[in-house]
Amino acid sequence: SSKSIDKSRDLLMISIGTRLGLRVVDNLNLKWKDLMDLQVGERFIRVEKKTDKERILVMSTKLKEVLDSVIEITNSNPNHYIFSSQKGKGVSPMTIQCFNRILKNIMAEYKIRFIGNCSSHVLRKSFIVGSIKKGFENGDHLSLVKVSRLIGHSNINTTLRYTNFEVSQSFGLFELS
């Protein structure tokens, strides 16, 4: 049904955004063939539109599960855009504004709290903060530096700006007398 197709798209939007950490413009340029034949753990390269830098990405177990389920439900054409405009019927990507509107609706429907403006960048921030946190939890004290390089930031201070809300929350743990 069209409702299950929409729910599948919603799940894939969140999964791709939080598992790959791409900017929205790069998410919108993904076609089914870019991801559908990848296996778990397989690396693939995308050239970022904003920076024109190569970015190495890895197919995670969770993303593969979601992708396979969505492909089964939607029976997608490999040459079509994953996030296509309704008018384009797969041959043209949706706009950033449409992506953000759908994301806001998802966040509202599932009562997901977020800090700041709800836009596609929330997904990228989630990927970055989650990756850094996971690294620190596993004893990798260089995870901030590694994630900064992974996502293509030329300066670690840019990556630090993504984590500001985490840092400010940490300050609340200390009570000055």
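Bear in mind the structure is a predicted one, so any value in this text is a computation, not a measurement.

A. Quick look at the nonpolar core. With 32 residues, the main nonpolar core has Leu12, Ile16, Trp32, Leu35, Ile82, Phe83 and Phe99 as its most contacted residues. Of all the elements in the fold, those that place two or more residues in this core are helix H1 (2-20), helix H2 (24-28), helix H3 (32-35), helix H4 (61-74), helix H5 (96-109) and helix H6 (121-137). Among the elements that make up this core, the one with the highest residue count is H5 (six residues). Ignoring anything within four residues of it in the chain, the contact list for phenylalanine 83 reads Arg9, Leu12, Met13, Ile16, Asn27, Leu28, Pro93, Met94 and Phe99. Judged by nonpolar contacts, the second largest core, of seven residues, contains Ile128, Ile132, Val147 and Ile151.

B. Structural detail: helix H7 (residues 143-150). Along H7, the residues that are buried comprise Ser143, Leu144, Val147 and Ser148. Relative to the axis of H7, the buried residues are bounded by an arc of 135 degrees and lie together on one face. For H7, the elements touching its buried residues are H6 and helix H8 (156-162). Within two residues after H7, glycine 152 carries a phi angle of roughly 85 degrees, on the positive side.

C. Structural detail: H5. Given a rise of 1.5 Å per residue, 14 residues ought to cover 20 Å, and the 20 Å separating the end C-alpha atoms of H5 matches this to within 8%. Every buried residue of H5 is listed here: Cys98, Phe99, Asn100, Ile102, Leu103, Ile106 and Met107. Looking at the buried side of H5, the elements it contacts are H1, H2 and H6. With its phi angle positive at about 55 degrees, lysine 111 sits one or two positions after the end of H5.

D. Unusual backbone geometry, seen in detail. Positioned with a positive phi, aspartate 52 is a non-glycine residue whose angle comes to about 60 degrees. Mapping aspartate 52 onto the fold places it in the loop between strand S1 (43-47) and strand S2 (54-58).

E. Inspection of the layout of surface pockets at higher detail. Approximately 700 Å³ is the volume attributed to the largest pocket. As for the largest pocket, its lining consists of 25 residues, of which Ile5, Arg9, Ile82, Ser84 and Ser85 are closest to the centre. Broken down by secondary-structure element, the contributors of at least two residues to the lining of the largest pocket are H1, H4 and H5. Per-element tally for the lining of the largest pocket: the top contributor is H1, with five residues.

Here is what the cut-offs are and how they apply
- Residues numbered from 1 in each chain as written.
- Predicted model: local features only at pLDDT ≥ 70, side-chain atom pairs only at ≥ 80, totals over all residues.
- Heavy atoms only, no water.
- Core = buried A, V, L, I, M, F, W, Y, C linked by side-chain atoms within 4.5 Å.
- Buried < 20%, exposed > 50% of the residue type's maximum accessible area, 1.4 Å probe, protein only.
- Helix = DSSP H or I, 4+ residues; strand = E, 2+ residues; numbered from the N terminus.
- Contact = heavy atoms within 4.5 Å.
- Arc of directions from axis to C-beta.
- Expected span 1.5 Å × (residues − 1).
- 1 Å grid on protein atoms, 1.4 Å probe; cavity = no way out; pocket = protein on both sides within 12 Å on 5 of 7 lines; lining within 4 Å.
- Points joined across faces, edges and corners; volume = space filled by probe spheres on them.

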